[in-house]
Amino acid sequence: MGRKITDTITWVGKTDWELKKFHGDEFTTVNGSSYNSYLIKDEKTVLIDTAWLPYDKEFVSKLKQDIDLTKIDAIIALHGEVDHSGALIELMREIPQVPIYCTANGVKSIKGQYHKDWNFKVVKTGDTLNLGEKTLTFIEAPMLHWPDTMFAYLDKENVLFSSDGFGQHLASEYLYADEVEQDILYKEALKYYANILAPFGIMVDKKIKEILSMNLQIDMICPSHGLTWRKEPTQIVEKYLEWANKYQEEQITIIYDTMWNDTRKMAEAIAKGIQEKDEKVTIKLMNTAKDDKTDVLTEVFKSKMILVGSPTVNNGYLHSIAGILEMIKGMKLKGKKAVAFGSYGWSGEAVKLITEELRKSGFEIVNDGIRCMWTPDSDAEKELIEFGKSLV
Ligand code: FEO
């Protein structure tokens, strides 16, 4: 059976405790996740979203415990990605004529994945669906985080269904954000934002301001993943506004890869210099070949400055650094500083190449970086410490 949220709304989603990777191997979900789906029963009954494909049969069979499927009047697809649309094939097999309300881009994404000509009803911002006593209003939210994304607002209950926005990859026995450990909740919410929504900060800011200008009473925010925001639901909206506006903390993150520990020694000496000069700044060292890339991106997102280091190999840099630079470029971060470093034995191009990549990714380059030939000796270590001090 589903879990009652209000007299009208029942959560009928799937909690996925086992999920450890998302988007292929791109996103680490150490705390699992949930695919939130909601059944709204008024004079009409509508279903908002479904669940990820591997759980399609389980989703539909459990849904039948809450509703005779033939009583569903409409399906709302806020977003076509497979983690929310994956059970549609199984569901539509039973109720093929039921209309699916989504954006024009939603039709493209759902048709593009499932190649089915279902009864799509295209909606735009401001369009409504009268359910009887209550009404759903649709709000397009393109690029939060796909072009097809939309939100839906249920009046009288004052609930905003926000798709991936405000969500977290966090499996829980609880339904509400105020019931779980707040540090884990916010860690996962920030990780989600940094890894999925960071490139779209301008759109996030604009969309939130648009919704605020609509003067909607919002008593609850139901995202597609994780916990529902019930107590002071705008707390996460305020956080999103912060995160969307050149967010940074007093943190410097030093990311590096190393072959024979020379670049690692450089990283540690630079960190020592930074710390000696400014005790208050948080310094994090992360080896891109060993640390989780989702966590690396989250720390980069939080930082006011990043240092990126690699030894020179075959006139370039190590592949884990290439990978993380590509991911960082995709984040389209603004207002952050960067500098490169690395050891070398002969040609030594890595620092210059990394610097160029960081510049292309929108970072303010502090200086030309620092190189060290072979293993840093005590003089080189002193120079690296001074270099660290010069950065703060
Ligand atoms: Fe949770 Fe973009 O799907």
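Note that the structure is predicted; figures quoted are calculated from it, not measured.

### Brief notes about the overall build of the chain
Okay, so step 1: Within the chain, the regular secondary structure consists of 12 helices and 22 strands.
Okay, so step 2: The principal-axis extents of the C-alpha atoms in the chain amount to approximately 80 × 40 × 35 Å.
Okay, so step 3: The 392 residues of the chain split such that 58% are buried.
Okay, so step 4: For the chain, the centre of its 49 positive side-chain charges and the centre of its 60 negative side-chain charges are spaced 2 Å apart.

### Quick word on the domain arrangement of the chain
Okay, so step 1: Considered domain by domain, the chain is made up of domain 1 (3–243) and domain 2 (251–391).
Okay, so step 2: Among the residues of domain 1 in contact with domain 2, Glu 26, Asn 195 and Pro 199 are the three that bury the most area, contributing 37% of the side total.
Okay, so step 3: Counting the contacts that link domain 1 with domain 2 gives zero salt bridges.
Okay, so step 4: Elements that contribute at least two residues to the side of domain 1 that touches domain 2 include exactly strand E5 (27–28) and helix H5 (182–197).
Okay, so step 5: Considering each element in turn, the side of domain 1 that touches domain 2 owes the most residues, five residues, to H5.
Okay, so step 6: When its residues are assigned to classes, the side of domain 1 that touches domain 2 shows eight nonpolar, two polar and three charged.

### Comments concerning unusual backbone geometry
Okay, so step 1: Cis rather than trans, the peptide bond between Leu 144 and His 145 has omega equal to 10°.
Okay, so step 2: By secondary structure assignment, the location of His 145 is in the loop between strand E13 (135–140) and strand E14 (150–154).
Okay, so step 3: Positive phi outside glycine occurs at Asp 49, with the angle close to 60°.
Okay, so step 4: Residue placement: Asp 49 occurs in the loop between strand E8 (45–48) and helix H1 (56–66).

### Details of the packing of helix H9 (residues 293–302) against helix H10 (residues 319–331)
Okay, so step 1: Closest axis-to-axis distance for the H9/H10 pair is 11 Å, and the angle between their directions is 50°. Our classification of the angle between H9 and H10 gives oblique. Taken as a pair, H9 and H10 cross one another with a handedness that is right-handed. Across the interface between the two elements, Lys 293, Val 296, Leu 297, Val 300 and Phe 301 of H9 pack against Ile 324, Met 327, Ile 328 and Met 331 of H10.
Okay, so step 2: Tallied by class, the residues present in the contact of H9 with H10 amount to eight nonpolar, no polar and one charged.

### A look at the sheet that holds strand E15 (residues 159–161)
Okay, so step 1: Strand order in the open sheet made by the five strands is E12-E13-E14-E15-E16, with mixed pairing throughout. The open sheet has two edge strands with one neighbour each: strand E12 (128–130) and strand E16 (220–222). Averaged over neighbouring strand pairs, the angle between their axes works out to 20° when direction is ignored.
Okay, so step 2: As defined by bridge partners, E13 adjoins E14 across five bridges and the pair is classed as antiparallel. Paired with Glu 140 across the two strands is Met 150, which belongs to E14.
Okay, so step 3: Helix H6 (residues 201–213) rests against E13 and E14 of the sheet, and its axis sits at about 150° to E13.

### A short note on the packing of aromatic side chains
Okay, so step 1: Following the criterion strictly, the structure yields 16 aromatic pairs and no others.
Okay, so step 2: Look at Phe 27 and Tyr 192: their rings are 6.2 Å apart centre to centre, the planes differ by 50°, and that puts the pair in the tilted class. Taken as a pair, Phe 27 in strand E5 and Tyr 192 in helix H5 lie far apart in primary sequence, 165 residues in all. Taken as a pair, Phe 27 and Tyr 192 share a single burial class, namely buried.
Okay, so step 3: Centre to centre, the rings of Tyr 193 and Phe 301 are 5.6 Å apart; their planes meet at 50°, and the pair counts as tilted. A residue pair is termed long-range when its members are at least 10 positions apart, and Tyr 193 in helix H5 and Phe 301 in helix H9 qualify at 108 residues. For the pair shown, Tyr 193 and Phe 301 are each scored as buried.
Okay, so step 4: One aromatic cluster is present, formed by Phe 166, Tyr 193, Tyr 240, Trp 243, Tyr 247 and Phe 301 through successive ring pairs.
Okay, so step 5: In this structure, Arg 230 is placed above the aromatic ring of Tyr 176, and the distance from its NZ or CZ to the ring centre is 3.9 Å.

The rules behind these values
- Residues numbered from 1 in each chain as written.
- Predicted model: local features only at pLDDT ≥ 70, side-chain atom pairs only at ≥ 80, totals over all residues.
- Heavy atoms only, no water.
- Helix = DSSP H or I, 4+ residues; strand = E, 2+ residues; numbered from the N terminus.
- Buried < 20%, exposed > 50% of the residue type's maximum accessible area, 1.4 Å probe, protein only.
- Lys, Arg positive; Asp, Glu negative; His and termini not counted.
- Charge placed at Lys NZ, Arg CZ, Asp CG, Glu CD.
- Domains from an automatic or database assignment.
- Buried area = accessible area lost by both parts, 1.4 Å probe.
- Salt bridge = Lys/Arg side-chain N within 4 Å of Asp/Glu carboxyl O.
- Nonpolar A, V, L, I, M, F, W, Y, C, P; charged D, E, K, R; others polar.
- Axes fitted to C-alpha atoms, helices over the stretch in contact; angles between N-to-C directions.
- Parallel < 35°, antiparallel > 145°, perpendicular 65-115°, else oblique.
- Left-handed = near helix turned anticlockwise from the far one by under 90°.
- Contact = heavy atoms within 4.5 Å.
- Pairing = 2+ DSSP bridges.
- Phe/Tyr/Trp six-rings, centres within 6.5 Å; stacked < 30°, edge-to-face > 60°.
- Lys NZ or Arg CZ within 6 Å of the ring centre and 35° of its normal.

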